[in-house]
There are 2 protein chains.
Amino acid sequence: MEKFRVTPWEVKGEVDYDKLMREFGTEPITQGLLERMRKLFGELHPLLERKLFYTHRDLSWWLDNYEKKKLIALYTGRGPSENTHIGHLIPWILTKWIQDRTNAPLFFQFTDDEKYFFKENLSIEDTKRLAFENMLDVAALGFDKKKTFFILDTHHAGLLYPLAVRVAKKITFSTVRAVFGLNNSSNIGQIFYTAMQAVPVMLPKHLTGKDHAVLIPMGIDQDPHFRVARDVLPRLGYNKPACLHSKFFPSLMGSSKMSASSPDSTIYTTDTPKEVERKIKKKALTGGRDTAEEQRKLGGRPEICPIYQYYMYLFEPDSKKLEERANACRAGKILCGECKQELIDRINKFLEKHQEKREKLRDSINEWLLSEDHMP
Amino acid sequence: MEKFRVTPWEVKGEVDYDKLMREFGTEPITQGLLERMRKLFGELHPLLERKLFYTHRDLSWWLDNYEKKKLIALYTGRGPSENTHIGHLIPWILTKWIQDRTNAPLFFQFTDDEKYFFKENLSIEDTKRLAFENMLDVAALGFDKKKTFFILDTHHAGLLYPLAVRVAKKITFSTVRAVFGLNNSSNIGQIFYTAMQAVPVMLPKHLTGKDHAVLIPMGIDQDPHFRVARDVLPRLGYNKPACLHSKFFPSLMGSSKMSASSPDSTIYTTDTPKEVERKIKKKALTGGRDTAEEQRKLGGRPEICPIYQYYMYLFEPDSKKLEERANACRAGKILCGECKQELIDRINKFLEKHQEKREKLRDSINEWLLSEDHMP
């Protein structure tokens, strides 16, 4: 298997998720944990059931706190380096699902400083503008505004920096070099940055004076930040956060993670129906065969098909229907063109509504920012 | 000569000031520059005349701007790791003298984050409290409040951090390792910090929208920060700041820099008359001889005497009288006890008034902080 590399800023090669779990030291989400959540929440989200969220840290502890009606909170975030694409929605969708069931306050961090430090060609004005675009996508998913608090790093620096300095004092260059692969050529903003990403874990206690159990749903590439934060925060009087890690939403070209570096293999939430159609019809790979005849005879291979993954991650919530689709594909009863067309229709139906909600929110998006008038 | 080492956080060994100038790459303040200042300002401060401020960067450029009535500003600061001692006053006194003559707005930075990062045993609450104590000393020197703007790093983080990130993106770990001697064990706050110290250079333009020529009077140990900042700021659309560097105020024990690590060799602005008397009578070294008889015969050595240095730096503004004192000492006409007693009296006279002013300012010191109501 080809070598892979996963850091919060880079996913390279074909990811071996089991190996990644061992490297990062996260725990698998066992069937027992899934059943506990099903019982607690009355149902199980497909992203959990299908093990697209597949590892965690201290999830049982967080569920204990929820069950005992202790104070809990949610935290997730977005690095605003580009417009939102469909893959970004994965952790947000699960976060909303958990918020709906637990009524937990959610801190949603937009890291304009981070993306400025790590993207050579972006100005801080760029990343800030992108953050506001991304906020529209988050809000459009239907989070409970009263319980959802947007944090924009440069906007909230007066609140965040004095907390980040406490974290920063406890982290050495050796640590960020080992954990994130930073080196002598890294800029000092990149080196400092992980302290800023730890801060939203501190906010529930900082703002209310009371201990909270914080759960962070995230792509597993972000785990290194919280591995470090979990080490530091107890020494500062805060609970270790619990973590819930998703696999990466695949690109239309089949590589491990949808990414801005190849926009043609990426569906943005702002894409027009024509763009969606073009990308999926013209660009997407499938698990199909060379000819229709061959496919009818041999069947397709959903397990290696990006189109099938799109159904699995987001566009077929009904697990029975998803299985039927896989079986029909394997049996050669459904061809790639048909499967693609149906996905195009589903994506465009989703995006039409999403884009409408997005634009409706544009004028009032500032109200989602944490402020004296909008505080847990 | 014993090896010495000067960084913004450590002065070790006997400092060779000429060598330091060459190492740092600063320019000597020539007689020509001194005469230009005498002409521009009508007189010359003893700290300049006696070459206790001895090197600079781009001072002529700053004076050009002043002369052409272009926009100028002053910037200096204080790392609040302890109560103020007399040595800290040196750059502040010269800064006030320049402000009085040029009417330049002054940005005075109190770096509570820095001292938290660099002092293992200080909490951020400690450094913040010390910053407010230090502010009293600055204000008590009689700065023009209308033109003097205190910056406290954690308090003003909302303003400072978004500017610091711009600086931070342009500085690598290699640079801070080479310039400041930071290493793998340095914490990531220490590594980031120099970006925060660059920000007050940006503030005059940031707050008014207009280019300013900024002059920074400072102890020469702080020069490395501005060597880096001078490299970065033009790339961000800001002028390089000019710098003016002082030698270190000596300790009563004769070592190069008064320091908190030996409080008995340090006169704090909060010391009682008895403490001043005890430290100078019981602890201070002198350039005197073993016996009064010997001293009357051989004379004392003002050039190696810490007590004489105190007169030279601060407590004998009249250069003619200073020379008379040195001559009387060399001729054995004045003994150390007498010289010490007179210094005790002068210091205590100064401190009595200073402490009175300090306490009067306590209730209103917040008004000196940069704010919407207190802005250039």
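Computed from a predicted structure; not experimentally measured.

Peer 1: How would you explain the interface of chain B and chain A if you had to name every residue and give the values?
Peer 2: By a widely used convention, the size of an interface equals the accessible area lost when the partners come together. Between chain B and chain A, the contact holds 35 residues from the first and 35 residues from the second. When the buried surface of chain B facing chain A is broken down by residue, B:Y161, B:K169 and B:I188 rank first, second and third, together holding 29% of it. Ionic pairing is found between A:E125 and B:R166, a salt bridge with its closest N-O pair at 3.1 Å. On the surface where chain B and chain A come into contact, there are 20 residue pairs in polar contact (both at pLDDT 80 or more). Of all the secondary-structure elements, those providing two or more residues to the side of chain B that touches chain A are α6 (112–118), α7 (124–140), α8 (157–168), α9 (173–180) and α10 (188–208) of chain B. In terms of residue class, the side of chain B that touches chain A is made up of 17 nonpolar, eleven polar and seven charged.

Peer 1: How would you summarise the side chain of B:H45 if you had to cite specific residues and measurements?
Peer 2: All names here are of chain B. Along the chain, H45 falls in the loop between α2 (31–41) and α3 (46–49). The class of H45 is buried, set by a relative accessible area of 14%. Among the polar contacts listed, one links the side chain of H45 to the backbone nitrogen of L47, at a separation of 3.0 Å. Setting aside residues no more than four positions away along its own chain, H45 makes contact with I93, L94 and W97.

Peer 1: Describe in detail the relation of the copies chain B and chain A, supporting the description with residues and values.
Peer 2: Mapping chain B onto chain A calls for a rotation angle of 180° and an axial translation of 0.0 Å; the resulting RMSD is 0.0 Å. The operation mapping one copy onto its partner corresponds to a two-fold rotation axis. When each C-alpha of chain B is compared by its distance to the rotation axis, B:G158 comes out closest, at 1.9 Å.

Peer 1: Quick one: what's the story with the packing of helix α14 (residues 306–315) of chain A against helix α15 (residues 319–330) of chain A, residue by residue and with numbers?
Peer 2: All names here are of chain A. One way to put it is that α14 packs onto α15 with a least axis distance of 10 Å and a crossing angle of 170°. Accordingly, the angle class assigned to the pair α14 and α15 is roughly antiparallel. On the side of α14, the interface is formed by Y308, Y311 and M312, while α15 contributes L322, R325 and A326. Of the residues assigned to the contact of α14 with α15, the class counts are five nonpolar, no polar and one charged.

Peer 1: Give a detailed account of the domain arrangement of chain A, specifying residues and quantitative values.
Peer 2: Residue and element names in this part refer to chain A. By domain assignment, chain A separates into domain 1 (5–250) and domain 2 (263–360). For domain 1 versus domain 2, the distance between C-alpha centres works out to 29 Å. Listed as interface residues are 22 residues of domain 1 and, on the opposing side, 22 residues of domain 2. Of the roughly 1900 Å² buried where domain 1 meets domain 2, counting both sides, 63% is carbon and sulfur surface. At the junction of domain 1 and domain 2, the tally comes to two salt bridges. Across the pair R358 and E133 runs a salt bridge, and its minimum N-O distance is 3.0 Å. On the surface where domain 1 and domain 2 come into contact, there are 13 residue pairs in polar contact (both at pLDDT 80 or more). Here the side of domain 1 that touches domain 2 takes four residues from helix α7 (residues 124–140), the largest share from any one element. Residues belonging to the side of domain 1 that touches domain 2 are distributed by class as follows: 13 nonpolar, three polar and six charged.

Reading guide: rules and limits
- Residues numbered from 1 in each chain as written.
- Chains lettered and ligands numbered in written order.
- Predicted model: local features only at pLDDT ≥ 70, side-chain atom pairs only at ≥ 80, totals over all residues.
- Heavy atoms only, no water.
- Contact = heavy atoms within 4.5 Å.
- Buried area = accessible area lost by both parts, 1.4 Å probe.
- Salt bridge = Lys/Arg side-chain N within 4 Å of Asp/Glu carboxyl O.
- Polar contact = N/O pair within 3.5 Å; in protein donor to acceptor, adjacent residues only side chain to side chain.
- Helix = DSSP H or I, 4+ residues; strand = E, 2+ residues; numbered from the N terminus.
- Nonpolar A, V, L, I, M, F, W, Y, C, P; charged D, E, K, R; others polar.
- Buried < 20%, exposed > 50% of the residue type's maximum accessible area, 1.4 Å probe, protein only.
- Least-squares fit on C-alpha atoms with pLDDT ≥ 70 in both.
- Axes fitted to C-alpha atoms, helices over the stretch in contact; angles between N-to-C directions.
- Parallel < 35°, antiparallel > 145°, perpendicular 65-115°, else oblique.
- Domains from an automatic or database assignment.

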